[in-house]
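The lines below spell out each chain.
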Number of protein chains: 2
Amino acid sequence: MKKVPVSVVRRLPRYFRYLNELYKQNKLKVSSKELSEQMNVTASQIRQDFNHFGGFGQQGYGYNVPTLNQEMAQILGVNENFTAIVVGIGNLGHAIVNNVNFGKRGVKILGIFDSDPEKIGNLCGKHRITDIQTIEEFCEKSRPDIAVLTLPKSQSREMFERLKRCGIKGFWNFTNAEIRSEKGVAVENVHLADSLMLLTYSLREQNGEE
Amino acid sequence: MKKVPVSVVRRLPRYFRYLNELYKQNKLKVSSKELSEQMNVTASQIRQDFNHFGGFGQQGYGYNVPTLNQEMAQILGVNENFTAIVVGIGNLGHAIVNNVNFGKRGVKILGIFDSDPEKIGNLCGKHRITDIQTIEEFCEKSRPDIAVLTLPKSQSREMFERLKRCGIKGFWNFTNAEIRSEKGVAVENVHLADSLMLLTYSLREQNGEE
């Protein structure tokens, strides 16, 4: 399959969310026009996006919701049974563990690690916080795919190198240290403040129009 | 000015972050090639993006970092002195208040609100948590521009309507309830799990290549 442009890939989770919503509502069919209205993307954009993956459906008949939902889950790796560990468990770590429905995205949390003796042994959700010194041992035994990095920025680069040596192949990085993907290692950097700036951008535009 | 495509706008915070980094390193000039290598975007894409805002610099000479940094800040509304309130202060609220550098994006937090009697009166960062029942009164007096919604999904729609009536023009919505922008009201929905799915997408692609 040809490499799909990043801009298209970035829209896939949104498609998945909407389709999942429709699926839960027991909807069987959806047209690109309906999807378009709900998602605020043009219908032609949706058809173009879907064409990267073979098109999924017949124009005029609309898309079959359960099939499309399943296809989208497949593309996004939701059916792959990936496993994860969470490294660093301050407010942000707690918020991620408790607010993000990992299971719905097919990701299972195997362990949660921190270096703070006051936290080790406590529960976070249903997971017991484990001493970060045992992380190599844990990875050797349990072979997690993903590390969620929510530790302080200053410790993130070292932890990244350490976890790469443990065989971790995917990093969900909340540390504000920009870490780059490399061959065999996928990194998704999250910068919460980026969307704050998109909001101030819109506000400024809005004020300009008044 | 012509409306800038959403895909271009979405790249602006990243440009701002990189330029800010270069600015702090006292760099005076940067070429689109250098920016391109650092940002993993083609040089031609960068030039095209910048052309939406007049181009910013002379090709061949590179861009002036302090000027471009300043222009980008201006475009993103960083210089507008927007003000914000945070509504709902669980782990996620705490994480946002303490981990996002609002000041750096030109946004000042004026107040933090919750309905939980156990939390009201406590400090979050340097802000005292205030009873949500007083939010109308507060808004009338202090006229915040932005509300950061980090309350439970079930309460978010009602709070959105209530805060619109208070004159809030921008919503940074972390509640997983999809709220749409409307005329005069900008909404930025944050779905943390979307980037988890981008990561599992990359992992799946990566596994396929092996």
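Remember, predicted model here, so these are calculated numbers, not experimental data.

Definitions and cut-offs
- Note on numbering: residues in each chain are counted from 1, in written sequence order.
- Here the convention is simple: chains get letters from A, ligands get numbers from 1, in the order in which they are written.
- Reporting of local features is limited, given that this is a predicted model, to residues whose pLDDT is at least 70; pairs of side-chain atoms are given and counted only at 80 or more, and all residues count toward the totals for whole chains, interfaces and linings.
- Hydrogens and water molecules were not included; the side-chain quantities draw on all heavy atoms of the structure.
- We call two strands paired when DSSP finds no fewer than two bridges between them.
- Only runs of H or I of at least four residues qualify as helices and only runs of E of at least two qualify as strands under DSSP, and these elements are numbered from the N terminus.
- The contact criterion used throughout is that any non-hydrogen atoms of two residues lie within 4.5 Å.
- To obtain each axis, a line is fitted to C-alpha atoms, and for helices this fit is confined to the stretch in contact; angles are then taken between N-to-C directions over 0 to 180 degrees.
- Pairing of aromatic rings covers Phe, Tyr and the six-membered ring of Trp, with a centre-to-centre limit of 6.5 Å; geometry is then stacked below 30 degrees between planes, edge-to-face above 60, and tilted otherwise.
- Here's how the labels work: a residue is buried when its accessible area is under 20% of the maximum for its type, exposed when over 50%, partly exposed in between, all with a 1.4 Å probe on protein chains only.
- What marks off one domain from the next here is an automatic or database domain assignment.
- Residues below a pLDDT of 70 in either copy are left out; the C-alpha atoms of the rest, at least 70 in both, set the least-squares superposition of the copies.
- Working definition of a nonpolar core: buried Ala, Val, Leu, Ile, Met, Phe, Trp, Tyr and Cys residues. They are joined through side-chain atoms within 4.5 Å.
- Note: buried area is the sum, over both parts, of the accessible area (probe 1.4 Å) each one loses when the two are combined.
- Any carboxyl oxygen of Asp or Glu within 4 Å of a side-chain nitrogen of Lys or Arg constitutes a salt bridge here.
- Our arc is simply the arc of the directions from the helix axis toward the C-beta atoms.

Participant: Would you take a moment to explain the sheet that holds strand β8 (residues 170-173) of chain B for this structure?
Facilitator: Note: strands within a sheet are paired through backbone hydrogen bonds, in either parallel or antiparallel orientation. Residue and element names in this part refer to chain B. Spatial strand order, β5-β6-β4-β3-β7-β8-β9: seven strands in an open sheet with mixed pairing. Where the open sheet ends on each side, the last strands, each with one partner, are β5 (123-124) and β9 (186-189). Strands β3 (82-87), β4 (107-114) and β6 (127-131) of the sheet are contacted by helix α7 (residues 135-142), whose axis makes an angle of about 160 degrees with β4.

Participant: It is not clear to me how the packing of aromatic side chains should be interpreted in this structure. Could you clarify?
Facilitator: Any two aromatic rings considered together are summarised by their centre-to-centre distance and by the angle between their planes. This model, assessed by the stated rule, comprises 12 aromatic pairs over all chains. Look at F160 of chain A and F171 of chain A: their rings are 4.7 Å apart centre to centre, the planes differ by 70 degrees, and that puts the pair in the edge-to-face class. On the criterion of sequence distance, the pair formed by F160 of chain A in helix α7 (residues 153-165) and F171 of chain A in strand β8 (residues 170-173) is long-range, its members being 11 residues apart. For F160 of chain A, a relative accessible area of 0% corresponds to the buried category. On the accessibility criterion, F171 of chain A (0% relative accessible area) is buried. Judged by centre distance (5.9 Å) and plane angle (75 degrees), the rings of F102 of chain B and W172 of chain B are edge-to-face. In this pair, F102 of chain B is assigned in the loop between α6 (91-99) and β4 and W172 of chain B in strand β8, connecting sequence segments 70 residues apart. Like F102 of chain B, the residue W172 of chain B is buried in the burial classification.

Participant: When you look at the domain arrangement of chain A in this model, what are you seeing that I'm missing?
Facilitator: The parts lose accessible area when they come together, and the size of an interface is often stated as this lost area. Once the domains are mapped, chain A shows domain 1 (6-75) and domain 2 (82-193). The distance between the C-alpha centroids of domain 1 of chain A and domain 2 of chain A comes to 31 Å.

Participant: Explain the relation of the copies chain B and chain A to me, please; I cannot follow it from the model alone.
Facilitator: The two chain copies are connected by a rotation around an axis plus a translation along it. It takes a turn of 180 degrees to lay chain B on chain A, together with a shift of 0.0 Å along the axis; the resulting RMSD is 0.0 Å. As the rotation angle and translation indicate, the two copies are arranged about a two-fold axis. For chain B, the residue whose C-alpha comes nearest the rotation axis is N91 of chain B, separated from it by 2.6 Å. A symmetric contact is evident, with 100% of the interface residues of chain B recurring at the interface of chain A.

Participant: Help me understand the nonpolar core, please; the structure alone is not making it clear to me.
Facilitator: Within soluble globular proteins, side chains that are nonpolar generally end up buried alongside one another. In this structure, F102 and W172 of chain A together with F102 and W172 of chain B are the most contacted members of the largest nonpolar core, which totals 52 residues. Counting residues in hydrophobic clusters, the runner-up holds 28 residues, among them Y18, L35, A73 and I75 of chain B.

Participant: What am I meant to see in the interface of chain B and chain A here?
Facilitator: Contacts between chain B and chain A engage 63 residues on the former and 63 residues on the latter. For the pairing of chain B and chain A, the buried interface totals around 5600 Å² over both sides, and the portion due to carbon and sulfur atoms is 65%. The interface formed by chain B and chain A contains six salt bridges. Linking E178 of chain B and R17 of chain A is a salt bridge whose minimum nitrogen-to-oxygen distance equals 3.0 Å. Secondary structure elements with two or more residues in the side of chain B that touches chain A: α2 (12-24), α3 (32-39), α5 (65-75), α6, β8, β9 and α9 (192-209) of chain B. Per-element tally for the side of chain B that touches chain A: the top contributor is α9 of chain B, with 16 residues.

Participant: In this structure, what is going on with helix α6 (residues 135-142) of chain A? I would like to understand it.
Facilitator: Since one α-helical turn is 3.6 residues long, residues separated by three or four positions face the same way. All names here are of chain A. Among the residues of α6, I135, F138 and C139 are the ones counted as buried. Each buried residue of α6 sits inside an arc of 95 degrees when the element is viewed along its axis, so together they form one side. Looking at α6, the residues exposed on the side facing more than 90 degrees away from the buried face are E137, E140 and K141. Taken together, the buried residues of α6 touch β3 (82-87), β4 (107-114), β6 (127-131) and α7. In the segment just after α6, R143 is the residue with positive phi, at about 50 degrees.

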